[in-house]
Amino acid sequence: MSRNANEAARRIGIVGAGNIVRMHMQGIQRHPAELAVVAVCDPDAARLKDVAVTWEIPHRYETVERMLAGEALDAAVVLTPTHVRRQVLLPLMEAGVPVLCEKPLAETYGEAVALAAEAGRG
């Protein structure tokens, strides 16, 4: 179960509802007093619903911008395909949300360096 009644738990948002989400949710659930997944985001409505229902995640969003507008997150876990990372990471970084990003960070070394520079500005 991803919800936690403990208000001290860090509020986590998951971005990307693909196959890798299972591994991350299993790890997060090992720490229910510290971590609570409160939102999941994915543009694919069927995957979004499946992950939210399977892992009992209370809030669903189809865009990162909507998730940021609707949630006060302590951190986000980004599990998106690499080619959309920048468009997902930049809004999170601009909002000051700490991010754990699944590897690889970017499709090229140059893109990774640019993202790291963006992260360093915050």
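Throughout what follows, the structure given in this document is the object of discussion. (Residues numbered from 1 in each chain as written. Predicted model: local features only at pLDDT ≥ 70, side-chain atom pairs only at ≥ 80, totals over all residues. Heavy atoms only, no water.)

**Comments concerning the pairing of strand β2 (residues 35–41)**
- Of all 7 residues in β2, 6 are buried, a share of seventy percent or more.
- The pairing of strand β1 (residues 10–15) with β2 spans 6 bridges and is parallel. If you follow Ile14 over to β2, its bridge partner there is Val40.
- Read as a crossover between parallel neighbours, the route from β1 over helix α1 (residues 21–28) to β2 is right-handed.
- Bridge count for β2 against strand β3 (residues 59–61) is 3 bridges, and the pairing is parallel. Paired with Cys41 across the strands is Tyr61, a residue of β3.
- The handedness of the β2 to β3 crossover, carried by helix α2 (residues 45–54), is right-handed. (Buried < 20%, exposed > 50% of the residue type's maximum accessible area, 1.4 Å probe, protein only. Helix = DSSP H or I, 4+ residues; strand = E, 2+ residues; numbered from the N terminus. Pairing = 2+ DSSP bridges. Right-handed = clockwise from strand over helix to strand, strands pointing away.)

**Some remarks on the pattern of salt bridges**
- Under the counting rule described, the total for this entry stands at 3 salt bridges.
- Put simply, Arg11 and Glu71 hold a salt bridge, and the shortest N to O gap is 2.8 Å. In this pair, Arg11 sits in strand β1 while Glu71 sits in the loop between α3 (64–70) and β4 (75–78), placing the two residues 60 residues apart along the sequence.
- In this structure Glu71 comes out as buried when scored by relative accessible area, which is 8%.
- With a shortest N-O distance of 4.0 Å, Glu118 and Arg86 are connected by a salt bridge. Taken together, the residues span a long stretch of sequence, with Glu118 in helix α5 (residues 109–121) and Arg86 in helix α4 (residues 85–94) at a distance of 32 residues.
- Relative accessible area serves as the criterion here: at 25%, Glu118 is assigned to the partly exposed category. (Salt bridge = Lys/Arg side-chain N within 4 Å of Asp/Glu carboxyl O.)

**Digging into the sheet that holds strand β5 (residues 99–101)**
- Judged by pairing direction, the sheet is parallel, and its 5 strands sit side by side in the order β3-β2-β1-β4-β5 without closing on themselves. Single-partner strands in this sheet number two, and they are β3 and β5. Going across the sheet, the axis of each strand differs from the next one's by a mean of 25°, ignoring polarity.
- Note that β4 and β5 share 3 bridges and pair parallel. Bridged to Val78 within β5 is Cys101.
- Lying on the sheet, α2 is in contact with β2 and β3; it crosses β3 at an angle near 165°.
- Against the sheet, α4 engages β1, β4 and β5, with an angle of about 175° to β4. (Axes fitted to C-alpha atoms, helices over the stretch in contact; angles between N-to-C directions. Contact = heavy atoms within 4.5 Å.)

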